[in-house]
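Examining the three-dimensional arrangement
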Amino acid sequence: MQKLNKLTDDMLVAAYAEGDNKAFDALLMRHQSRVFSYICTIVKNRDIADDIFQETFIKAITTIRQGRYSETGKFTSWITRIAHNLIIDFYRQDKSDTTVSSDDETVDILNSKDLTEGNIEDFLVDSQINKDIHRIIGALPESQREVLDMRFFRDMSFKEIAEATGVSINTALGRMRYALINMRRIAAENNIALTR
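Residues numbered from 1 in each chain as written. Predicted model: local features only at pLDDT ≥ 70, side-chain atom pairs only at ≥ 80, totals over all residues. Heavy atoms only, no water.

**Some words on helix α6 (residues 142-153)**
- The end-to-end C-alpha distance of α6 is 15 Å, a good match for the 16 Å that 12 residues give at a rise of 1.5 Å each.
- The set of residues buried in α6 consists of Q144, V147, L148, M150 and R151.
- Among the residues trailing α6, D155 stands out with phi positive, at a value near 55°. (Helix = DSSP H or I, 4+ residues; strand = E, 2+ residues; numbered from the N terminus. Expected span 1.5 Å × (residues − 1). Buried < 20%, exposed > 50% of the residue type's maximum accessible area, 1.4 Å probe, protein only.)

**Quick word on the pattern of salt bridges**
- Within the structure shown, the criterion is met by 6 salt bridges.
- R30 is the partner of D9 in a salt bridge, and the nearest nitrogen-oxygen pair spans 2.6 Å. With D9 in helix α1 (residues 9-17) and R30 in helix α2 (residues 21-43), this residue pair connects regions lying 21 residues apart in the sequence.
- When its relative accessible area of 31% is taken as the criterion, R30 is described as partly exposed.
- Notably, a salt bridge pairs E189 with R185, separated by 3.3 Å at the nearest N-O pair. (Salt bridge = Lys/Arg side-chain N within 4 Å of Asp/Glu carboxyl O.)

**Quick notes on the layout of surface pockets**
- Its volume calculated, the largest pocket comes out at about 470 Å³.
- Of all elements in the fold, only α2, α3 (46-65), α7 (158-165) and α8 (169-189) reach the threshold of two or more residues within the lining of the largest pocket.
- A total of 7 residues in the lining of the largest pocket trace back to one element, the largest contributor, which is α3.
- Here the lining of the largest pocket is composed, by residue class, of 8 nonpolar, 4 polar and 8 charged.
- In this structure, the second largest pocket encloses a volume near 150 Å³.
- For the second largest pocket, the full set of lining residues is D25, L28, M29, Q32, K159, A162, E163, V167, S168 and I169.
- If you list the elements that add at least two residues to the lining of the second largest pocket, you get α2 and α7.
- Considering every element that reaches the lining of the second largest pocket, the biggest residue donor is α2, with 4 residues.
- Of the residues in the lining of the second largest pocket, the class split is 5 nonpolar, 2 polar and 3 charged. (1 Å grid on protein atoms, 1.4 Å probe; cavity = no way out; pocket = protein on both sides within 12 Å on 5 of 7 lines; lining within 4 Å. Points joined across faces, edges and corners; volume = space filled by probe spheres on them. Nonpolar A, V, L, I, M, F, W, Y, C, P; charged D, E, K, R; others polar.)

**Side note on the packing of aromatic side chains**
- Inspection of every chain in the model, using the stated rule, returns 8 aromatic pairs.
- Taking the centre distance of 6.0 Å and the plane angle of 80° together, the rings of F24 and F57 count as edge-to-face. A residue pair is termed long-range when its members are at least 10 positions apart, and F24 in helix α2 and F57 in helix α3 qualify at 33 residues. Here the two residues F24 and F57 agree in accessibility, since each one is buried.
- A centroid spacing of 4.6 Å and a plane angle of 75° characterise the contact between Y69 and W78, whose relative ring orientation is edge-to-face. The exposure classification of Y69 matches that of W78, with both residues buried.
- Put simply, the rings of Y16, F24, F36, F53 and F57 pair up and form one aromatic cluster.
- Against the face of Y178 rests R177, its NZ or CZ located 5.4 Å from the ring centre. (Phe/Tyr/Trp six-rings, centres within 6.5 Å; stacked < 30°, edge-to-face > 60°. Lys NZ or Arg CZ within 6 Å of the ring centre and 35° of its normal.)

Right, dumping it as C-alpha cells:
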C-alpha cells in the first residue's frame, strides 16, 4: 500500500482497471473524506450522504471496470461530478415522490392507492414477492448473501461491512454489485417478478 500511495490518481485508475483492487482502495482512502464532505455539505443528512457516497464509488468502480473512464481531467473532479449528479438525481426523485399538482384534474388525491391500507390482494402479492426474494437470496454465494444481509437487513454502511467481514470496501462493493446482478439473472431465468 505504501508504494501505491506514491502513484498518481491516473496511475491508480489504470492499475485498478488491470485488476489491482488495492489500487482502488488507495484511491478511496485518498478521496473519501473530500467527497463525503462535499455530499454532506449539500444534502445536510448523514444517512442520505452515506448512501450517495456509496453509490458514487459503486458507479466509479463500474465505469472503470467497463473501460469507460477517460483521462480528460483530474480524478477528483470526475468523482465529484459523479457525486453531484447523484445528488441531483436524489433531489429529483425526492421531489417527484412528494409533489402532486393541484392543477392536474386526473389526480384524485382522496382516491390515491398510496393513502389506503391496502387489500388482501396487495398483501398476498407482497407476501409472494418477499418469499421469492428470500428464495433468490438463498441461491446466492455465501459472500454475496452476507453483504446483502448486512446492507439491507441490518442497515450497515459499506465501511462497516468491510470491517465486519475483514475485506476492503472495494471488495464489499463488488460483492454487492454481483449479488444484485445475480438476483436479476435468477429472477429473469425463473420468470419471477420482484415488483408489483
